[in-house]
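So you can see what is in the structure, the chains are spelled out below.
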Amino acid sequence: RVDLLITRTNGPTQLLRNETAQPGHWLGLRLVDRRGSAVVLGARVEVQAGGRTLLRHTRSGGSFLSQSALDLHVGLGGWSGPVTVAIRWPDGATQTQSLTTLDRLHVVVQTSAAKAR
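What you see is a predicted model; the values in this text were computed from it and never measured.

Some points on the sheet that holds strand E8 (residues 94–99)
Strand pairing in a sheet is mediated by backbone hydrogen bonds. Such pairs are either parallel or antiparallel.
Here is step 1 of the chain: Pairing within the open sheet is antiparallel, and its four strands lie in the order E5-E4-E7-E8. A strand with exactly one partner marks an edge of an open sheet, and here the two such strands are strand E5 (52–57) and E8. Put simply, the sheet's adjacent strands are angled 20 degrees from each other on average, direction ignored.
Here is step 2 of the chain: Across five bridges, strand E4 (residues 44–49) lies against strand E7 (residues 83–88) in antiparallel orientation. From the neighbouring strand, Val45 faces E7, where its bridge partner is Ile87.

A few points about the layout of surface pockets
Here is step 1 of the chain: The computed volume of the largest pocket comes to approximately 160 Å³.
Here is step 2 of the chain: Around the largest pocket, the lining residues are Arg56, His57, Thr58, Arg59, Ser68, Ala69, Asp71 and Leu72.
Here is step 3 of the chain: Looking at the lining of the largest pocket, its residues break down into two nonpolar, three polar and three charged.

With respect to the side chain of Thr58
Here is step 1 of the chain: As for its placement among the helices and strands, Thr58 is situated in the loop between E5 and strand E6 (72–77).
Here is step 2 of the chain: Judged by its relative accessible area of 6%, Thr58 is buried.
Here is step 3 of the chain: In contact with Thr58, other than residues within four places in its own chain, are Leu31, Val40, Leu41, Gly42, Ala43, Leu70 and Leu72.

A look at the pairing of E8
Here is step 1 of the chain: The sheet contact formed by E7 and E8 spans six bridges and is antiparallel. Considered in E8, the bridge of Ile87 is made with Gln95.
Here is step 2 of the chain: Where E7 folds back on E8, the antiparallel hairpin that results is connected by five residues, among which Gly92 adopts a positive phi of roughly 95 degrees.

Observations regarding the pattern of salt bridges
Where side chains of opposite charge bring their charged atoms close, a pairing between them can arise.
Here is step 1 of the chain: If you walk through the whole model with that rule in mind, you get five salt bridges.
Here is step 2 of the chain: Its salt-bridge partner being Arg17, residue Glu19 comes within 3.5 Å of it at the nearest N-O pair. When sorted by exposure, Glu19 lands in the same class as Arg17, which is exposed.
Here is step 3 of the chain: When the shortest N-O distance is used, the salt bridge between Arg34 and Asp91 registers 3.8 Å. Here Asp91 lies in the loop between E7 and E8 and Arg34 lies in the loop between strand E3 (25–32) and E4, a separation of 57 residues in the sequence.

Reading the values: rules and limits
- Residues numbered from 1 in each chain as written.
- Predicted model: local features only at pLDDT ≥ 70, side-chain atom pairs only at ≥ 80, totals over all residues.
- Heavy atoms only, no water.
- Pairing = 2+ DSSP bridges.
- Helix = DSSP H or I, 4+ residues; strand = E, 2+ residues; numbered from the N terminus.
- Axes fitted to C-alpha atoms, helices over the stretch in contact; angles between N-to-C directions.
- 1 Å grid on protein atoms, 1.4 Å probe; cavity = no way out; pocket = protein on both sides within 12 Å on 5 of 7 lines; lining within 4 Å.
- Points joined across faces, edges and corners; volume = space filled by probe spheres on them.
- Nonpolar A, V, L, I, M, F, W, Y, C, P; charged D, E, K, R; others polar.
- Buried < 20%, exposed > 50% of the residue type's maximum accessible area, 1.4 Å probe, protein only.
- Contact = heavy atoms within 4.5 Å.
- Salt bridge = Lys/Arg side-chain N within 4 Å of Asp/Glu carboxyl O.

These values are about where atoms sit, not about what they do.
Right under this line is the structure:
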């Protein structure tokens, strides 16, 4: 259940709490590049789960004085089976792995660099 905090210049702060009765399953991903940096901007992540493909991109910011979360959150609904995660790293390298444990944050470390052309 992801909550959302909204702050405004010259306005009230709001906390939007997710109080759904059936929270569903989820997958958290923290990407770490070959140099050990956990600030990996521009990665493309496809999650295959139960016949669906869910797409996420790592990015930063959104507007003035704001910050997007650097970890990715993928809601899976009622799907409780394994998922396949395919990552296209910013340097062009690709990596695929299967994950069987859901409802937690996984740290995925880049295993190789893109091949030179």
